[in-house]
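Tertiary structure, described
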Amino acid sequence: MTDQAPRLLVVDDEPDVCEFVAEVAEMAGYRCVALTDARRFETELNNAPAMVILDLMMPGYDGVELLRAMARAGSQARIVLMSGFDARVLNTAEELGKALGLSVVGRFQKPIRLAELEALLRSQLGAVTGDRLPRREGPAVQRQDLARALVRNEFLLHYQPQVDIANGAVIGAEGLARWQHPDWGLVFPDAFIGLAEKFGLIDELGWYVAERGISEFAELSRGCGPITLSVNVSAQSLRDLEMPDRLAALVQKYGVAPASLLLEITESGLVRELARALDILARLRLKGMQLSIDDFGTGYSMMEQLRRVPANEIKIDRSFVHAQDHDEGARVVVQKTIEIGQRLGMRVLAEGVETPGQLEFLRAHGCDAAQGYLFCRPVPLPEFVAWCARRRAAA
Ligand code: G
Ligand code: G
Ligand code: MN
């Protein structure tokens, strides 16, 4: 195992379970540390594990205490919970973890099945590798770092395919911003989008991203026939009344049809200066561009949003897609979102699809499209083109 392999910490008082998890994890490409005694837990946390697999019930300790310790330590680890108890205990612990600001990505009821554990570890590998994790030890990003990066063109897009569920065709790509820093390596958007908003640089970054994507569109669609390009638009950028005209000019400049461009808006984009935001959204549509409601279901007022935003597409937030495996409530949300979206004439796309089971559920309920690690992670442009070509050849 190389030093770059992400570190995985498993905590379970049963040595057999530790050994089993360690074996599967190492096969999947992790470096594993197993603890049968939770007293060493906080010490191990200092080694910044990328992933923690935690038994909720151990002699002398319970998983809830360890979750709190992780929150205190500001741990960024992805957490998988295990328990011999019933599913509702896992549910509550998961909710608690999230309330503490932790990233709970999976849960297992014992006995753990090999195939499930392996699938989860592999699907998470993309998310826990790269510079996402060491970021915390890196220097804090200052305004001048971002300003300089913009001048030096250090931002780029990775693309993730979107697939038609009914026929498997690639129908779109979401462009996701990345920052190729000369010293820090590849930096992910959670480390700079919020700061760009705070430092007043988000419009500039947004325009850079839009132009980058639009200018790469011809190359992007080369391997896979007619597709659309989705880009994320910050809430804050829905203030510039000139934005629709500038964007229309940009697609024209690169010979891209306006309808090939989808702008992903999140609900937070609407709360401030609502009238102005709606003005901009309406004119984007009038100029032929498409709108998508991102992270649907996570905001406060889904119905209001549906009524107000003249959207072509709804993206069901990945938290519902994942919870669908074990949570009846999430299944109902997914099903009803598909129903309502389609009734209102919108395409419904599910985000974060990771397993064949999730895809099957979506297919059974007539969801239009899907995006997620099950198909492909966000990848650099040449890899996207190659992926599409391979997929076409295999079809
Ligand atoms: O892969 P991922 O880590 O790329 O993206 C994390 C989040 O960052 C996503 O929720 C996405 O909406 C946001 N994001 C990615 N790229 C951009 C961008 O270009 N602009 C804005 N405003 N948000 C982005
Ligand atoms: O919608 P947003 O713009 O929030 O979504 C993009 C984010 O989702 C990016 O961070 C991307 O890396 C992430 N993502 C894409 N596919 C998957 C997946 O299958 N599982 C998980 N956990 N995240 C995913
Ligand atoms: Mn998005």
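Residues numbered from 1 in each chain as written. Chains lettered and ligands numbered in written order. Predicted model: local features only at pLDDT ≥ 70, side-chain atom pairs only at ≥ 80, totals over all residues. Heavy atoms only, no water.

**Here we look at the packing of aromatic side chains**
- With the rule as written, the count across this model stands at five aromatic pairs.
- Taking the centre distance of 5.2 Å and the plane angle of 55° together, the rings of F155 and F192 count as tilted. Taken together, the positions of F155 in strand 8 (residues 155-164) and F192 in the loop between strand 10 (185-187) and helix 7 (193-198) put the pair 37 residues apart, joining distant regions of the chain. Exposure class is identical for F155 and F192. Each is buried.
- The side chain of R246 reaches across the aromatic face of W207, ending 4.0 Å from its centre. (Phe/Tyr/Trp six-rings, centres within 6.5 Å; stacked < 30°, edge-to-face > 60°. Helix = DSSP H or I, 4+ residues; strand = E, 2+ residues; numbered from the N terminus. Buried < 20%, exposed > 50% of the residue type's maximum accessible area, 1.4 Å probe, protein only. Lys NZ or Arg CZ within 6 Å of the ring centre and 35° of its normal.)

**Considerations on unusual backbone geometry**
- Look at the link from K110 to P111: it is a cis peptide, with omega at -5°.
- Looking at the element boundaries, P111 is found in the loop between strand 7 (103-109) and helix 5 (114-128).
- Despite not being glycine, N153 shows a phi value in the positive range, around 55°.
- Along the chain, N153 turns up in the loop between helix 6 (143-151) and strand 8.
- Of note in the backbone geometry, D295 takes a positive phi value of approximately 50° without being a glycine.
- Its place among the elements puts D295 in strand 13 (residues 290-296).
- Its relative accessible area of 27% is what places D295 among the partly exposed residues.

**Some remarks on the site of ligand 2**
- D294, R318, E351, E354 and Y373 are the nearest of the 15 residues found near ligand 2.
- Here an oxygen atom of ligand 2 and a side-chain polar atom of N232 are 3.3 Å apart.
- The side chain of D294 places a nitrogen or oxygen atom 2.8 Å from an oxygen atom of ligand 2.
- Relative to its free-state accessible area of 520 Å², ligand 2 is covered by the protein chains to the extent of 84%.
- When contributions to the shell around ligand 2 are tallied by element, the ones reaching two or more residues are strand 9 (170-181), strand 13 and helix 14 (318-323). (Near = heavy atom within 4 Å. Polar contact = N/O pair within 3.5 Å; in protein donor to acceptor, adjacent residues only side chain to side chain. Areas by Shrake-Rupley, 256 points an atom, 1.4 Å probe, with all protein chains shown as cover.)

**Considerations on helix 1 (residues 15-28)**
- In this model helix 1 runs 20 Å from its N-terminal to its C-terminal C-alpha over 14 residues, within 8% of the 20 Å that 1.5 Å per residue would give.
- Considered for burial, the residues of helix 1 that qualify are V17, C18, V21, A22, V24, A25 and A28.
- Close packing links the buried residues of helix 1 with strand 1 (7-11), strand 2 (31-35), strand 3 (51-55), strand 6 (78-83) and helix 5.
- Backbone geometry just after helix 1 places G29 at a positive phi near 105°. (Expected span 1.5 Å × (residues − 1). Contact = heavy atoms within 4.5 Å.)

**Quick notes on the pairing of strand 1**
- With four of five residues buried, strand 1 lies mostly within the body of the structure.
- Where strand 1 and strand 2 come together, five bridges link them in parallel fashion. In the strand pairing of strand 2, V11 is matched with L35.
- This β-α-β element, strand 1 to helix 1 to strand 2, shows right-handed connectivity. (Pairing = 2+ DSSP bridges. Right-handed = clockwise from strand over helix to strand, strands pointing away.)

**Focus: the nonpolar core**
- Counting residues in each nonpolar core, the largest one holds 76 residues, and the members touching the most others are L247 and F384.
- Top contributing element to this core by residue count: helix 8 (residues 202-215), with seven residues.
- Not counting residues within four places of it along the chain, the set of residues in contact with F384 comprises Y159, Q160, P161, V170, G172, A173, L220, C224, I227 and V379.
- Counting 22 residues, the second largest nonpolar core, distinct from the first, contains L66, L67, A77 and L90. (Core = buried A, V, L, I, M, F, W, Y, C linked by side-chain atoms within 4.5 Å.)

**Let's talk about the environment of A369**
- Following the sequence through the fold, A369 ends up in strand 16 (residues 369-370).
- When the C-alpha positions of A369 and E351 are compared, they lie 8.8 Å apart, and in sequence the two are 18 residues distant.

**Brief notes about the domain arrangement of the protein chain**
- On domain assignment, one finds that the protein chain holds domain 1 (7-129) and domain 2 (143-394).
- Domain 1 and domain 2 are separated by 31 Å when their C-alpha centres are compared.
- Taken together, the seven residues of domain 1 in the interface contact four residues of domain 2.
- When the two sides are added together, the surface that domain 1 and domain 2 hide from each other amounts to roughly 550 Å², 49% of it contributed by carbon and sulfur.
- Counting the surface domain 1 buries against domain 2, the share from its top three residues, R107, S123 and G126, is 53%.
- Our count for the domain 1 to domain 2 interface comes out at zero salt bridges.
- Where domain 1 touches domain 2, the interface holds zero residue pairs in polar contact (both at pLDDT 80 or more).
- When contributions to the side of domain 1 that touches domain 2 are tallied by element, the ones reaching two or more residues are helix 4 (87-99) and helix 5. (Domains from an automatic or database assignment. Buried area = accessible area lost by both parts, 1.4 Å probe. Salt bridge = Lys/Arg side-chain N within 4 Å of Asp/Glu carboxyl O.)

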